[in-house]
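An overview of the molecular structure
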Amino acid sequence: MTDKPASSSPTGGPIADLSKAPLPTEDTLRKRRSIPLQLTRFAVYNARIMRMVIKGH
């Protein structure tokens, strides 16, 4: 390990200023934490990928 600071910018400031980035709404956070919703999205995504794979053969 080195003793150098994590910032590799020449001025020592942040590499990207994200202070003005929009924050997610409560509804967005609730959807991100919802296990049933995420499992449904996962299954739909996998079905789309499998359909593409099957069509290609």
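Above this text is the structure in question.
First, a word on what this report is: a plain description of the structure on this page. (Residues numbered from 1 in each chain as written. Predicted model: local features only at pLDDT ≥ 70, side-chain atom pairs only at ≥ 80, totals over all residues. Heavy atoms only, no water.)

**Side note on helix α2 (residues 35–56)**
What counts is decided by this rule: Every helix listed is a DSSP run of H or I at least four residues long, and every strand listed is a run of E at least two residues long, numbered separately from the N terminus. Between the first and last residue of a helix there are one fewer steps than residues, each counted as 1.5 Å, and that sum is the expected span. Burial here depends on accessible area, computed with a 1.4 Å probe over protein chains only, as a share of the maximum for the residue type. Under 20% is buried, over 50% is exposed, and the range in between is partly exposed. Counted as a polar contact is a pair of N or O atoms within 3.5 Å, where, for protein atoms, one must be capable of donating a hydrogen and the other of accepting one, and residues adjacent in sequence contribute only when both atoms are in side chains.
For α2, which comprises 22 residues, the first-to-last C-alpha distance of 32 Å matches the rise-based estimate of 32 Å (1.5 Å per residue) to within 8%. Burial analysis of α2 places just 0 of its 22 residues in the buried class, a small minority of the element. Capping the start of α2 is the job of one residue whose side-chain oxygen sits 3.3 Å from the backbone nitrogen of Leu37: Ser34.

**Topic: a nonpolar patch on the surface**
The condition is simple: Patch rule: a residue counts if its relative accessible area is over 30% and it has no salt bridge; like charges are joined within 9 Å, and nonpolar side chains (Val, Leu, Ile, Met, Phe, Trp, Tyr) within 5 Å. Surface accessibility follows the Shrake-Rupley procedure with a 1.4 Å probe radius. Residue values consider only the protein chains on display as shielding. What counts as a salt bridge is simple: a side-chain nitrogen of Lys or Arg found within 4 Å of a carboxyl oxygen of Asp or Glu.
A cluster of nonpolar side chains, Met50, Val53 and Ile54, forms an exposed patch at the surface whose accessible area comes to about 290 Å². Tracing the backbone shows Ile54 in helix α2. Here Ile54 falls in the exposed class, since its relative accessible area comes to 60%.

**Brief notes about the pattern of salt bridges**
Under the criterion given, the structure shown has 2 salt bridges. Ionic pairing is found between Arg30 and Asp27, a salt bridge with its closest N-O pair at 3.7 Å. Note that Arg30 and Asp27 are positioned in helix α1 (residues 26–33) at a spacing of 3 residues, about one turn of the helix. Its salt-bridge partner being Asp27, residue Lys31 comes within 3.4 Å of it at the nearest N-O pair. Here Lys31 and its partner Asp27 are both found in helix α1, 4 residues apart, which amounts to about one turn of the helix. A relative accessible area of 36% places Asp27 in the partly exposed class. Each of Asp27, Arg30 and Lys31 takes part in one network of salt bridges that share partners.

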